[in-house]
Amino acid sequence: MPAITSSSPAKTILFGEHAVVYGQPAIAVPVNNLQTKVTIQGLPTKPAGTIEIKAPAVGLDTTYAALAEDHPLRQSIDLFTAHHHLPNIMAMRIMIASTIPAGSGLGSSAALSVALFNALSGFLGIDSKPEEINYLAYEAEKIFHGTPSGIDNTVIAFNAPIIFQRGEPMQFLDIGATFHFMLINCGVSASTAEAVGAVRALVERYPEQVTPLIREIGVITGEAKSALAGGDRWLLGSLMQRNQALLKSLTVSHPQLDLVVAICERSGALGAKLSGGGRGGHVLCLLEEPDNQRLILNLRDNGFSNTIPFSLSPTDWS
Ligand code: PMV
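Residues numbered from 1 in each chain as written. Predicted model: local features only at pLDDT ≥ 70, side-chain atom pairs only at ≥ 80, totals over all residues. Heavy atoms only, no water.

### Quick word on the overall build of the protein chain
- On a plain count of helices and strands, the protein chain comes out with 10 helices and 11 strands.
- Against the compact-globule benchmark of 20 Å for 318 residues, the protein chain has a radius of gyration of 20 Å, which places it among compact chains.
- With the C-alpha coordinates aligned to their principal axes, the bounding extent of the protein chain is approximately 60 × 45 × 35 Å.
- For the protein chain, buried positions account for 51% of its 318 residues.
- Contacts in the protein chain between residues far apart in sequence, at least 24 positions, make up 74% of those at least 6 positions apart.
- Surface accessibility of the protein chain: about 13,700 Å² in total, with carbon and sulfur atoms responsible for 53%.
- Distance from the positive charge centre (21 side chains) to the negative charge centre (27 side chains) of the protein chain: 3 Å. (Helix = DSSP H or I, 4+ residues; strand = E, 2+ residues; numbered from the N terminus. Rg over C-alpha atoms; globule rule 2.2 N^0.38 Å. Buried < 20%, exposed > 50% of the residue type's maximum accessible area, 1.4 Å probe, protein only. Contact = heavy atoms within 4.5 Å. Areas by Shrake-Rupley, 256 points an atom, 1.4 Å probe, with all protein chains shown as cover. Lys, Arg positive; Asp, Glu negative; His and termini not counted. Charge placed at Lys NZ, Arg CZ, Asp CG, Glu CD.)

### Describing helix α3 (residues 130-145)
- The end-to-end C-alpha distance of α3, which contains 16 residues, comes to 21 Å, matching closely the 22 Å that a straight helix rising 1.5 Å per residue would cover.
- Those residues of α3 that fall on the buried side of the exposure criterion are Ile133, Asn134, Leu136, Ala137, Ala140 and Glu141.
- Of the surrounding elements, those touching the buried residues of α3 are α1 (72-83), α2 (108-124) and α4 (151-158).
- Immediately beyond the C-terminal end of α3, within one or two residues, lies Gly146, with a positive phi of roughly 85°. (Expected span 1.5 Å × (residues − 1).)

### So, the site of the ligand
- What surrounds the ligand is a group of 14 residues, the closest being Lys11, His18, Ser149, Thr192 and Gly277.
- Between His18 and the ligand, the recorded distance is 2.9 Å, taken from a backbone N or O atom to an oxygen atom.
- Contact distances for the ligand include 2.9 Å between an oxygen atom and a backbone N or O atom of Gly277.
- Burial of the ligand by the protein amounts to 89% of the accessible area it has alone, namely 380 Å².
- Of all elements in the fold, only β1 (4-15) and α5 (192-205) reach the threshold of two or more residues within the shell around the ligand.
- Counted by class, the shell around the ligand contains 5 nonpolar, 6 polar and 3 charged residues. (Near = heavy atom within 4 Å. Polar contact = N/O pair within 3.5 Å; in protein donor to acceptor, adjacent residues only side chain to side chain. Nonpolar A, V, L, I, M, F, W, Y, C, P; charged D, E, K, R; others polar.)

### A word on the environment of Tyr138
- Position of Tyr138 among the secondary structure elements: in helix α3.
- Every residue in contact with Tyr138, bar those within four places of it in the chain, is listed here: Pro148, Ser149, Gly150 and Asn153.

### Notes on the pairing of strand β10 (residues 282-287)
- Counted residue by residue, β10 has 6 buried out of 6 residues, so it is predominantly covered.
- Of the two faces of β10, the one carrying His282, Leu284 and Leu286 and the one carrying Val283, Cys285 and Leu287 are both buried.
- As paired strands, strand β8 (residues 179-185) and β10 are joined by 6 bridges and run antiparallel to one another. Each bridged residue has a counterpart across the sheet, and for Met182 the counterpart in β10 is Cys285.
- As paired elements, strand β9 (residues 271-275) and β10 share 5 bridges and run antiparallel to each other. Among the inter-strand pairings, Ala272 is bridged to a residue of β10, identified as Cys285. (Pairing = 2+ DSSP bridges.)

### Comments concerning the sheet that holds β8
- If you walk across this open sheet you meet the 4 strands as β9-β10-β8-β11, and the pairing is antiparallel. Strands with a single pairing partner mark the edges of an open sheet, and in this sheet they are β9 and β11 (307-312). Ignoring strand direction, the axes of neighbouring strands in this sheet form an average angle of 25°.
- Relative to β11, β8 is paired through 6 bridges, and the arrangement is antiparallel. By the bridge assignment, Ile184 is partnered in β11 with Thr307.
- Packed on one face of the sheet, helix α7 (residues 233-249) meets β8, β9 and β10 and runs near 45° to β9.
- Strand contacts of helix α8 (residues 255-266): β8, β9 and β10, with the helix running at about 10° to β10, the strand carrying the most contacts. (Axes fitted to C-alpha atoms, helices over the stretch in contact; angles between N-to-C directions.)

### With respect to the packing of aromatic side chains
- In this structure the tally under the stated criterion is 3 aromatic pairs.
- Where Phe158 meets Phe172, the ring centres are 5.8 Å apart and the plane angle is 75°; that geometry is what we call edge-to-face. You can see Phe158 sitting in helix α4 and its partner Phe172 sitting in strand β7 (residues 171-172), a full 14 residues away along the chain.
- On the basis of relative accessibility, which here comes to 17%, the residue Phe158 falls in the buried class.
- For Phe172, a relative accessible area of 48% gives the class partly exposed.
- Ring geometry for Phe181 against Phe310: centres 5.3 Å apart, planes inclined by 20°, an arrangement best described as stacked. On the criterion of sequence distance, the pair formed by Phe181 in strand β8 and Phe310 in strand β11 is long-range, its members being 129 residues apart. Here the two residues Phe181 and Phe310 agree in accessibility, since each one is buried.
- The aromatic ring of Tyr64 is capped on one face by Arg74, whose charged end is 4.4 Å from the ring centroid. (Phe/Tyr/Trp six-rings, centres within 6.5 Å; stacked < 30°, edge-to-face > 60°. Lys NZ or Arg CZ within 6 Å of the ring centre and 35° of its normal.)

Next comes the structure, spelled out in structure tokens:
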């Protein structure tokens, strides 16, 4: 049986993080130059149920049976086999390789789940639709993250720009022109769960002040949908600035994020904002041209050398 490989992209949130937790829409896009790759190969000489797992980048060289029962990878495999009623699957080796940094708001766990479930489906001859992969990846995200909104697994399972609102059918986005972005790591790591908890505490304590900010983020996200469809880079950039100001009011920015945003602004970026949970992680910056050397130099001068450029193009998704 030939080996099966499945690859999934990273993701970033363009607009609406945090507000999405309160029912507002959010926009997320795949970042295809970062990928998690899962390869499965059969082990015909080993007894059924044997699952070897190799993820050299994180020092994992083990078997399913040797993993603790609550290990997320083991639970993910359990999810898949329970969903498909597969009590004793054929022996296999699962190999995992990823260029998506973990714990940095780029959807590494959702990318792993989607790539794993797609690879398992392909290897076992199961015709899984993206909807089913998305459902399973959401269940896995709950194991990894507790109470996720579902945006990460959705954008990654469908591998297309989406507008996502809790309880509503997901919509694909129209992209009317090529948009050049850069993700810049601000050098501080932060917990999304803690940031979400801090916003919840604010909402509970100051509902009259905070609820309008969350609604305003929802309005901006709606405007951003039109700016993307109309190919309006300048409007999109100014919406990013407004979204960043509101995220700052929600206390989820950080001095290092603010510094990166300021460097982007004075280096000619059209807009810049934090992306994801905040309090650390990445700034997302919109550029007029893909190669803004002034920005790269200014960032480097301030110690920010970890940058990921990517583009959104109409042709990628139509
Ligand atoms: O930090 P990330 O990229 O996983 O994004 C979190 C986005 C939030 O809206 C803050 C939380 C969520 O579950 O949607």
